[in-house]
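Architecture and fold: a report
The chain contents come next:
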Amino acid sequence: MLSVRSRHAVRLALAVAVSFTFLLLAGAAARLSATGAQAATTIPLPSPTTAAQAAVIVTGSATIDVIPDVARLVVSIQTTAPTASQAESQNAAAADSAMSHIERAGIASVDIKTLGMQVWPQYDYRSSPQVLTGFTATQTLQVTIRNLSRIGAVIDAAVAGGATSVQGITYDITDHSAASAQALAKAVADAQVKARAMANAAGIRLGPVVSITDIESTPYPFPIIRAATASAGSSGTQVSPPDVQLTVSVTVGWSIA
């Protein structure tokens with residue numbers, strides 16, 4: 001059994017120990033709080049981003065001449081008859097004849113396509129009321145010619161077979177990849193020249209390219225200059241294919257340094 005004086009000494013020692021512990025904990029908390037506050041003041045805050053990035057945007061273009069290797073010929077066959085069914089029947093026979101002649105000129109059947117067919121009434125407007133005089137039927141064919149030296153012969157064959165008009169010829173190249181790559185390089189160079197001129201005039205310096213967009217384009221068509229005719233003793237229609245002009249455009253964007 002502890003005496004009263006001993007118990008009092010134990011209580012006093014415990015109180016001193018607890019008070020010392022509280023002081024240690026309070027000091028540690030204060031140091032942690034100060035360290036956190038110091039860390040918060042030393043971490044840099046990110047600067048706000050701008051709403052839009054300044055840029056110079058220019059469109060460049062280039063046109064190159066390419067030798068075509070394919071031609072597309074459009075011919076029409078027109079017939080007139082007292083009734084619509086007769087006009088359509090006669091037109092179908094004439095179109096079959098034209099296609100047969102075209103095939104004999106060296107064109108595969110898969111390269112002959114029907115673009116459209118129409119049948120419409122014909123009236124005599126000189127009388128009142130107008131008088132129906134018959135019906136006209138027209139069929140339009142597209143012929144793909146892969147040997148350009150045969151263009152004139154194909155035109156003559158179509159006319160001899162029943163084609164009543166040659167509407168035109170368009171020229172193209174089978175593979176656009178190499179020509180397009182060459183034209184695109186020139187178009188980008190054109191855009192660079194324009195962008196430098198604009199930057200110099202504005203007193204700014206161009207940064208890196210941030211965007212390039214290709215604007216799709218197609219070769220220019222070249223219609224035939226004169227109508228085709230086929231007559232006995234003639235030397236045949238002569239056609240000299242022109243070069244195809246391939247034009248491309250690109251839109252290039254630069255940041256401002």
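1. What to know about the overall build of the chain
Scanning the chain from terminus to terminus reveals four helices and seven strands. In the chain, the succession of helices and strands from N to C terminus is α-β-β-α-β-β-α-β-α-β-β. Burial analysis of the chain (257 residues in total) assigns 30% to the buried set. Across the chain, every contact between residues at least 6 apart in sequence was considered, and the portion connecting residues at least 24 apart equals 82%. Put simply, the chain shows about 16,200 Å² of open surface, and 59% of that area lies on carbon and sulfur atoms.

2. A closer look at helix α2 (residues 84–104)
Between the first and last C-alpha of α2 there are 30 Å, a value that for 21 residues agrees with the 30 Å anticipated at 1.5 Å per step. Within the span of α2, buried status applies to Ala-87, Asn-91, Ala-94, Ala-95, Ala-98, Met-99 and Ile-102. Projected onto a plane normal to the axis of α2, the buried residues spread over an arc of 140° and lie on a single side. Summarising the geometry of α2, the exposed residues directed more than 90 degrees from the buried face are Ser-85 and Arg-104. Taken together, the buried residues of α2 touch β2 (70–81), β3 (112–124), β4 (131–145) and α3 (151–161). Gly-106, located one to two residues past α2, shows a positive phi value of around 105°.

3. Points about the sheet that holds β2
The strand order β3-β4-β2-β5 describes an open sheet built from four strands, whose pairing is antiparallel. Two strands lie at the open edges of the sheet, namely β3 and β5 (165–172), each paired on one side alone. Ignoring which end each strand starts from, the neighbouring axes of this sheet average 15° apart. Relative to β4, β2 runs antiparallel, the two sharing eleven bridges. Looking at the pairing, Ile-77 lines up with Gln-139 of β4. Against the sheet, α2 makes contact with β2, β3 and β4, and its axis sits at roughly 150° relative to β2, the strand it touches most. On the sheet, α3 packs against β2, β4 and β5 and is oriented at approximately 155° with respect to β5.

4. Here we look at the pairing of β3
Where β3 lies against β4, twelve bridges are found, and the strand directions are antiparallel. Within β4, the position partnered with Lys-113 by the bridge is Gln-142.

5. A few points about the nonpolar core
Within the largest apolar cluster, 26 residues are counted, with the highest numbers of intra-cluster contacts made by Leu-73, Ile-145, Ile-151 and Val-154. Going through the elements one at a time, β2, α2, β4, α3 and β5 are the ones with two or more residues in this core. Leave out the neighbours within four places in its chain, and Ile-145 touches Val-70, Ala-71, Leu-73, Ile-107, Ile-151 and Val-154. By size, the runner-up hydrophobic cluster in this structure holds 16 residues, among which are Ala-62, Ala-195, Val-248 and Trp-254.

6. A look at the environment of Asp-190
You can see Asp-190 is positioned in helix α4 (residues 177–202). The partly exposed category is assigned to Asp-190, whose relative accessible area is 24%. Taking C-alpha positions, Asp-190 is 5.0 Å from Gly-60, a pair spaced 130 residues apart along the chain. Within polar-contact distance, the side chain of Asp-190 engages the backbone nitrogen of Ser-61 at 3.0 Å.

7. A look at the packing of α2 against α3
At a minimum axis distance of 7 Å, the contact between α2 and α3 shows a crossing angle of 150°. In terms of their interaxial angle, α2 and α3 are classed as roughly antiparallel. The hand of the α2/α3 crossing is right-handed. In this structure, α2 uses Ala-94, Ser-97, Ala-98, His-101 and Ile-102 to contact α3, whose residues at the interface are Val-154, Ala-157, Ala-158, Ala-160 and Gly-161. Along the lines of polarity and charge, the residues of the contact of α2 with α3 split into seven nonpolar, three polar and no charged.

8. Section: the environment of Val-66
When you line up the elements, Val-66 lands in strand β1 (residues 55–66). Val-66 sits in the buried class, given a relative accessible area of 13%. For the pair Val-66 and Asp-172, spaced 106 residues apart in sequence, the C-alpha separation works out to 8.8 Å. Excluding its chain neighbours within four sequence positions, the residues that come into contact with Val-66 are Ile-173, Ala-179, Asp-243, Val-244 and Leu-246.

Scoring rules and cut-offs
- Residues numbered from 1 in each chain as written.
- Predicted model: local features only at pLDDT ≥ 70, side-chain atom pairs only at ≥ 80, totals over all residues.
- Heavy atoms only, no water.
- Helix = DSSP H or I, 4+ residues; strand = E, 2+ residues; numbered from the N terminus.
- Buried < 20%, exposed > 50% of the residue type's maximum accessible area, 1.4 Å probe, protein only.
- Contact = heavy atoms within 4.5 Å.
- Areas by Shrake-Rupley, 256 points an atom, 1.4 Å probe, with all protein chains shown as cover.
- Expected span 1.5 Å × (residues − 1).
- Arc of directions from axis to C-beta.
- Pairing = 2+ DSSP bridges.
- Axes fitted to C-alpha atoms, helices over the stretch in contact; angles between N-to-C directions.
- Core = buried A, V, L, I, M, F, W, Y, C linked by side-chain atoms within 4.5 Å.
- Polar contact = N/O pair within 3.5 Å; in protein donor to acceptor, adjacent residues only side chain to side chain.
- Parallel < 35°, antiparallel > 145°, perpendicular 65-115°, else oblique.
- Left-handed = near helix turned anticlockwise from the far one by under 90°.
- Nonpolar A, V, L, I, M, F, W, Y, C, P; charged D, E, K, R; others polar.

Taken by themselves, the reported measurements are silent on function.
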